[in-house]
Amino acid sequence: MNAKPIITYSGAGPLFRSLEAQILNAIPLDTCEWRRTFHRPSKQVRLEVQTQPFNVNVLEKYKKGEWSILEHPILHIFVTECNDLDTYKASAHEEIKNWLKQLTSYGISDWMILLVETLDVRKAKNLLPRTTVLDKIRQDFATKNDDRCISVLNPAKFEQKSAESFRCLVQRIRFLILASYNRNIAKYEELIRSRREKRNHDGWDFRQYFFMQEDLALIFEKLELHTEALIQYDELDAMFSQFITNTGFGEKQRWLEYFRQPLSSFHGICLSRRDKFEIRNKIKEGPVSILEFRNYLFERQAHLLQQNNETPEIARRLLNFLFSTLREIELVKLDTPEGALSCWEFVCAVEVLQTCEQAMEPNGMICFQHCAPIWNLAKDKLYELGKLCGLLPGFTPSSEQLHIVVQLSAGIGDTPLEQSQFLNPTPQISEQKRDRSPNRRPKKPATDQLKEALGSNEAFQKLYLELAELAISTYKHVTRLRSARLVGLDLGNFYCALNEPHKAVGFFTDLLRELKAENWHALSSQTLLELANCYRKMGDSLAYTKTCSSISCCQELEMLVRSFYFDEFLKSVKTLTTSLSAQPSLENANYCVLEDHFRICDIIVLNEEPIIQDDIIMVQLKLESMYPREVVAESIQLSYEIHASPLASEATVPNRAALASSSIDGKLSRIPTSSPLKESRLKMSLRLDYKQDNTLDCASVECDVPKAKQPVRRTSSTKRKLSPSVQSDFTNFVATENVAIPPGYNIIELKSKATRVGTWDFKQMRISISQLEFFSENIPFRASPFVITTKPAAAVLNFKNLIAGIEQPVRLIVSGGSFIFPTDAKITLKCSKNLRIRMSCRSGEENGDNLTYESEGVLHEIVKDKVTTTALEDDSTFASVLQVPLQNFKSFEEREIPLEVLTDLPGRKISKHLEHYVTLTCPWSRNELQIAIDFQPALEAQCRLHTCGTQKFLHVVMKGLEANLYLTEAKVKCDVSGVRLIDLNPPSQARVQIYKGLTVSYLYEIQVEPLKAEVELPAVIKVHFITKYSTVENPQLLRNYGCAFDLVDYTTLFKVQTQLEPNELCRLRSVCNLNLKITKVHENPYVDLMYEVLSDQNLWAVCGRSAGVVSMKDVDCHSISLDVMPLSTGFLPMPNIRLSRYTAGGKNKADTHSKVHPFPQGQVYNSTKSMQIHVIASSNGEQ
């Protein structure tokens, strides 16, 4: 069918026919841009045209609105050859004028005037006309459209010079054709729209509308706009389907009678038909069946998809096409021969599959996804035909069935002849259709395959098995394993019908594994029945026994069926003589999955934790039996393995599911939980996808775990084994023997000896019945681990904020662990220097019996209810070494023994804690354990030296720190001869309470004998302060506290005295005289003295020098006069005077600078230091 655009010509017809071949050949040589209307995207198209003389009859249809865009001319060309204006005016002008009037009368605006020039070069060399013929034509007919008038040199006479003008002509024709298409297509679409709106009117015919819109699709196809052409066919498809659907609801269409033809023939689709429009012509000529019309419509859609390189889309549309066509035939109530539609579906499916196979890419996963259900459909339809024609295994076709075969073979027809391509063949598509394997024999057409299969049982069986295998493999390739297993079920049943059960077992086994993994219990029960039938036919007694056992435990089956197979199971077990070989495989071993027959409900460890090594482990097992009657198990074993600790990353994850446990009657029980044994948390992250304009397109959550780890997999990918995995290590297990297990719940006790130490998890259960071993895959819940331990013994000291000087409680905590203590076991505690320890009297009260301990070789006994106060009135029971007996100490026992420690108060002020150590010697260890103990002092003492003239006083300050104590009998001692300390405190001292934050002072006068020269006394005098203290709780128990003080610079060397004149009337801001007198009290080697006036700048102002140096050589007294000015009124303290030793510099090379050394506080006495001066305001009232 020719769908090329038509160009008409008028005027000089012979001249145009001489140029026709060159024009038609030049137009398709290059593509051009088609700028479409209504904001549609531009396209690069390649044009092919055909020419014909101008005919008015075609325009008549256009004027009436009954035109077809295929038959309507796209461009009208008027050709003339006149080289001078006179000839043009005489004849050509009138011809062109009449031609344009005729076009205008029909509403045609797509025209072009072609002037073919034949110039004489010799005449035109010296003659240049003012106005050419082309200019005159444009002036007369194309003042606004001068581009529609074009001239070209005659290529026959000017071959070399006409190339440029001919190229411009071809480009102009392309442009005008596309511009004409824009107008005509828009007008034609409006015509189609108006026809579609009249579809409910009487007399409206769908066939006429169909051909009208299909003409537009053919134009789009010719312009290589396959997508838009496909849209036209999709609209026709949807409209036809809607009409058929409405017919089912009572609407009647007259034109539908053309499609109600009986199905005498039911040809399938043919995607390689030679004459693509054979059925189109048939539809035009007369009535056709709805099946033929649907075939033609799908073939056209498939052809456009092939042209657009979308072959997988054909496969995707096929099933919808088949099912919708069958529904339409049902709605139209069309009589069909039995098996005709199955033949039609089979041929259509195989035809599409062969087309997809030719164009399929090696890794074309999308095409495989759509082809898989088509293979399955072809297999099912072939099975239906085989059942109808008596071709199934075990059947022989009857004469009636042979007659059906003949009718069906005649109805499907013969294979149409093929052609290379339709309309516009391209090398790319033809290469895709070529078979990929050069040595592979080309497949037979679908009709030939079906006829051959219906011809004999062997051919039918061969084709059915081939289709089933292809369906299974394709489903597996696209990872649709469930569908593959269902096809395998059909294939297994077919093999059973062929009496080949050994081939069917594999398919049934795969399906059973899939059904069990997804918990389809009813379907798995039916599959087990099929497997039992296969094993019985094969004579595999071991597999038959295992299958009978599984069937008897299927609660979805009736009790009669279960009882029958339970009896079969008992018979087979008794006669079973199969034994395992040296290296049995899992498929033929006598292993069974325990979960199919029993259910582990709970596991409870009856022992108290922890379990001691070599003890008996008692485990209570709650087991549910799914057998219909009682079975006897020779042995039940539950293995346990070392507990695997979680990874560090998993241990830090919060919100871990804790083990649920409860204490019932002193026994630890675990409540099973559904959390997995190894919990993990996936690393998820948020992913945001943005568009080019930075707006959010999609938000999703993705897993950051690499694909190699596969943290999450589909359920069907985790293949559940019908036989258990390799058994775990049963070296450590609890077991029982010869147990009768009735149906339902059973409580069974398992026992074994705890031989190995560690934390253990229950791993796997094994039940032995006759020669069958039932293994569990795992424990279905998270059973709490149990511990078998030889916990080491340990001893620690527990204490808080110990205070030095008073007895402090300390607890010795002894954990026995698994150590077996002898009867004379004891712990020895050795204290560091100045630390002592003893047993507390409360230890006997807590234990409830007499307690005997040894301290530095002396035995002490604490008697219950007869504890005397002698041990509390003194510290004789404290010792540096203590032996604590461990009487009747058992393994894993934990005992607290109260102790008391005592350390002496430090005789000096300390900045840190008082550190001591206690060393433990335990019976279970040869090494000694040293424990550090820190003490805080209860109180501290400080000493101050005061001077009054030549008298010296010692001030002792006691400061409370931590404890609440009583102080009494305070005294001082000095061992230096010639120094006497006089107690100035009250003679009768009562006990004084001291606590934290309180201070207590004692005062003593130091007297030195006058006959003792200063040189005879030591530079440092040691004074010992001693007092007694007791606690408030036990005031009768007195302890001694003593500290030593070093007195230095205790002799007064100089006396400083100041006097301010006038004494009575000292006014503000008036200069006063300050008399300073320095007197030598004792002989000393200091000669040069430096004085400094240190006064508050806000109170006194020194006028003149505020410091000076005086010499005390050969003099005992020196006076200095200074001027000072009071700056404030009131009682002002006297300015302070600081006296220092002065060493002049420059006496030697080493000392180049003068040095000043202040005297210590005890060597200089300022007699007027605390004196105050009353300063009054001045006479003028200044303040």
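Quick caveat, the model's predicted, so the values are computed rather than measured. (Residues numbered from 1 in each chain as written. Predicted model: local features only at pLDDT ≥ 70, side-chain atom pairs only at ≥ 80, totals over all residues. Heavy atoms only, no water.)

Student: How do you make sense of the overall build of the chain when you look at a structure like this?
Tutor: In terms of regular secondary structure, the chain is built from 24 helices and 52 strands. Counting across all 1183 residues of the chain, residues that qualify as buried make up 45%. Put simply, 73% of the contacts in the chain that link residues at least 6 apart link residues at least 24 apart. For the chain, the exposed surface amounts to about 62900 Å²; the carbon and sulfur share of it is 49%. (Helix = DSSP H or I, 4+ residues; strand = E, 2+ residues; numbered from the N terminus. Buried < 20%, exposed > 50% of the residue type's maximum accessible area, 1.4 Å probe, protein only. Contact = heavy atoms within 4.5 Å. Areas by Shrake-Rupley, 256 points an atom, 1.4 Å probe, with all protein chains shown as cover.)

Student: When you look at unusual backbone geometry in this model, what are you seeing that I'm missing?
Tutor: Most peptide bonds adopt trans geometry, and most residues besides glycine take a negative phi value. Of note, the phi angle at Asn-519 is positive, near 65°, even though the residue is not glycine. Within the secondary structure, Asn-519 sits in the loop between α18 (501-517) and α19 (521-538).

Student: I would appreciate a short explanation of the pairing of strand β39 (residues 1020-1031) in the present structure.
Tutor: Walk down a regular strand and you will see the side chains alternate between the two sheet faces. One ladder, built from eight bridges, connects strand β35 (residues 965-974) with β39; its direction is antiparallel. Across the sheet, residue Lys-971 finds its bridge partner in β39, namely Ile-1026. As paired strands, β39 and strand β40 (residues 1039-1048) are joined by ten bridges and run antiparallel to one another. Looking across to β40, one finds that Val-1023 is bridged to Phe-1045. (Pairing = 2+ DSSP bridges.)

Student: Quick question: what am I supposed to make of the environment of Thr-1027 here?
Tutor: With respect to the element layout, Thr-1027 can be found in strand β39. With 14 residues separating them in the primary sequence, Thr-1027 and Tyr-1041 have C-alpha atoms 5.3 Å apart. Beyond its immediate chain neighbours, meaning those up to four positions away, Thr-1027 contacts Met-958, Leu-967, Thr-968, Glu-969, Ala-970, Arg-1039, Asn-1040 and Tyr-1041. Of the polar contacts made by the side chain of Thr-1027, one reaches the backbone oxygen of Thr-968; its length is 2.9 Å. (Polar contact = N/O pair within 3.5 Å; in protein donor to acceptor, adjacent residues only side chain to side chain.)

Student: I'm lost on the side chain of Gln-637 in this one. Help?
Tutor: Assignment of secondary structure puts Gln-637 in strand β12 (residues 631-642). Under the relative-accessibility criterion, Gln-637 is labelled buried at 12%. Leave out the neighbours within four places in its chain, and Gln-637 touches Phe-730, Phe-733, Val-734, Ala-735, Gln-764, Met-765 and Arg-766.

Student: Would you mind showing me how to read the side chain of Thr-325 here?
Tutor: As for its position among the elements, Thr-325 is in helix α10 (residues 311-332). When sequence neighbours within four positions are dropped, the list of residues in contact with Thr-325 reads Leu-291, Arg-294 and Trp-344.

Student: Would you explain the nonpolar core in this entry?
Tutor: Nonpolar side chains in soluble globular proteins tend to end up buried together. Core analysis: the biggest nonpolar cluster contains 219 residues, and Ile-173, Phe-206, Val-352, Phe-598, Phe-762 and Ile-767 have the highest contact counts within it. Other than its neighbours up to four places away in sequence, Phe-206 contacts Leu-236, Met-239, Phe-240, Phe-243, Trp-255, Phe-259 and Phe-293. Within the second largest apolar cluster, 62 residues are counted, among which are Ala-804, Ile-827, Ile-837 and Tyr-1004. (Core = buried A, V, L, I, M, F, W, Y, C linked by side-chain atoms within 4.5 Å.)

Student: I tried to follow the confidence of the model for the chain on my own but got confused; where do I start?
Tutor: Regions with low pLDDT carry predicted coordinates that are not meant to be interpreted in detail. When pLDDT is averaged across the chain, the result is 82; 85% of the residues are at 70 or more. In the predicted structure, residues 862-872 sits below a pLDDT of 50 and forms 19 contacts with residues beyond four places in sequence or in another chain. (pLDDT = per-residue confidence, 0-100.)

Student: Explanation requested: the packing of aromatic side chains in the structure shown.
Tutor: In this description, an aromatic ring pair is defined by two values, namely the gap between the centres and the angle between the planes. Counted by the stated rule, this structure contains 44 aromatic pairs. Taking the centre distance of 6.2 Å and the plane angle of 75° together, the rings of Phe-206 and Phe-243 count as edge-to-face. In this pair, Phe-206 is assigned in helix α6 (residues 206-222) and Phe-243 in helix α7 (residues 226-248), connecting sequence segments 37 residues apart. For the pair formed by Phe-206 and Phe-243, the shared burial category is buried. Ring centres of Phe-240 and Phe-259 lie 5.5 Å apart, and the angle between their planes is 70°; on these two criteria the pair is classed as edge-to-face. In this pair, Phe-240 sits in helix α7 while Phe-259 sits in the loop between α7 and α8 (278-285), placing the two residues 19 residues apart along the sequence. Here Phe-240 and Phe-259 have matching classes, each one buried. Every member of this aromatic cluster is reached through a ring pair, and the members are Trp-204, Phe-206, Tyr-209, Phe-210, Phe-211, Phe-240, Phe-243, Trp-255, Phe-259, Phe-293 and Tyr-296. Above the face of the Trp-111 ring, Arg-148 is positioned so that its terminal group lies 5.8 Å from the ring centre. The ring of Tyr-745 carries Lys-622 above its face, with NZ or CZ at 5.2 Å from the centroid. (Phe/Tyr/Trp six-rings, centres within 6.5 Å; stacked < 30°, edge-to-face > 60°. Lys NZ or Arg CZ within 6 Å of the ring centre and 35° of its normal.)

Student: Is there a simple way to think about α10 in this case?
Tutor: Along an α-helix, a turn takes 3.6 residues, which lines up residues three or four apart on a common side. Helix length check: α10, at 22 residues, gives a terminal C-alpha distance of 31 Å against a target of 32 Å (1.5 Å per residue), a fit within 8%. Largest kink in α10: about 30°, centred on Arg-317. (Expected span 1.5 Å × (residues − 1). Bend = angle between axes of the 7 residues up to and from the residue.)

Student: How do you make sense of the sheet that holds strand β5 (residues 73-80) when you look at a structure like this?
Tutor: Pairing between sheet strands relies on hydrogen bonds along the backbone, with the strands arranged either parallel or antiparallel. Across the sheet, which stays open at both edges, the five strands sit in the order β4-β1-β5-β6-β7 with parallel pairing between neighbours. The open sheet terminates on both sides in strands that have one partner only, identified here as β4 (50-53) and β7 (149-153). On average, each strand axis in the sheet is inclined to that of its neighbour by 30°, with strand direction left out of account. Taken together, the six bridges between strand β1 (residues 6-11) and β5 define a ladder with parallel strand orientation. Note that in β5 the partner of Thr-8 across the bridge is His-76. Across the face of the sheet, helix α3 (residues 85-105) comes into contact with β1, β5 and β6 (111-117) while running at roughly 170° to β5. (Axes fitted to C-alpha atoms, helices over the stretch in contact; angles between N-to-C directions.)

Student: Mind showing me how you'd approach the pattern of salt bridges here?
Tutor: It is possible for side chains of opposite charge to pair when their charged atoms get near one another. A complete count under the given rule lists 45 salt bridges for this structure. One salt bridge connects Glu-48 with Lys-222, and the closest N-O pair in it is separated by 3.7 Å. Linking Glu-48 in the loop between β3 (43-45) and β4 with Lys-222 in helix α6, this pair joins segments that are 174 residues apart in sequence. One salt bridge in this structure joins Glu-278 and Arg-273, with 3.8 Å as the shortest N-O distance. With relative accessibility at 43%, the residue Glu-278 sits in the partly exposed group. (Salt bridge = Lys/Arg side-chain N within 4 Å of Asp/Glu carboxyl O.)

Student: Explanation requested: the environment of Phe-211 in the structure shown.
Tutor: Summarising the element assignment, Phe-211 is placed in helix α6. On the accessibility criterion, Phe-211 (11% relative accessible area) is buried. Taking the C-alpha atoms as reference, Phe-211 lies 9.1 Å from Ser-68; in sequence the two are 143 residues apart. Once residues lying within four places of it in the same chain are set aside, the contact partners of Phe-211 are Arg-280, Ile-283 and Lys-284.

Student: Got a minute to help me understand the sheet that holds strand β50 (residues 1155-1158) in this structure?
Tutor: Across the sheet, which stays open at both edges, the four strands sit in the order β46-β44-β49-β50 with antiparallel pairing between neighbours. With one partner strand each, in any of the chains shown, β46 (1107-1111) and β50 form the two edges of the open sheet. Across this sheet, the average inter-strand angle for adjacent strands is 35°, counted without regard to direction. Direction of pairing for strand β44 (residues 1088-1094) relative to β46: antiparallel, over a ladder of five bridges. Paired with Tyr-1091 across the bridge in β46 is Gly-1108.

Student: Looking at this structure, how should I read a nonpolar patch on the surface?
Tutor: A cluster of nonpolar side chains, Leu-682, Met-684, Leu-686, Leu-688, Tyr-690, Leu-696 and Val-701, forms an exposed patch at the surface whose accessible area comes to about 700 Å². Listing elements by their share of the nonpolar patch, those giving two or more residues are β15 (684-690) and β16 (696-703). In terms of residues, the nonpolar patch owes the most to one element, β15, which gives four residues. Relative to the assigned elements, Leu-688 resides in strand β15. (Patch = residues over 30% accessible without salt bridge, like charges linked within 9 Å, V, L, I, M, F, W, Y side chains within 5 Å.)

Student: What am I meant to see in the packing of α8 against helix α9 (residues 290-307) here?
Tutor: The description of two packed helices rests on the angle between their axes and on the distance between the axes. Contact geometry of α8 with α9 gives a least axis separation of 9 Å together with a crossing angle of 140°. Comparing the axis directions of α8 and α9 gives the class oblique. For α8 against α9, the interelement crossing comes out left-handed. Contacts from Ile-279, Arg-280, Lys-282 and Ile-283 in α8 reach Glu-292, Phe-293 and Tyr-296 in α9. Partitioned by chemical class, the residues of the contact of α8 with α9 number four nonpolar, no polar and three charged. (Parallel < 35°, antiparallel > 145°, perpendicular 65-115°, else oblique. Left-handed = near helix turned anticlockwise from the far one by under 90°. Nonpolar A, V, L, I, M, F, W, Y, C, P; charged D, E, K, R; others polar.)

Student: What am I meant to see in the packing of helix α11 (residues 340-359) against helix α12 (residues 365-389) here?
Tutor: Direction vectors running N to C along α11 and α12 enclose 150°, while the axes themselves pass 9 Å from each other. With respect to α12, the axis of α11 lies roughly antiparallel. Between α11 and α12 the crossing geometry is left-handed. Facing Ser-342, Cys-343, Glu-345, Phe-346, Ala-349, Val-350, Val-352, Leu-353 and Cys-356 of α11, the residues of α12 in contact are Cys-367, Cys-371, Ile-374, Trp-375, Leu-377, Ala-378, Lys-381, Leu-382, Glu-384 and Leu-385.

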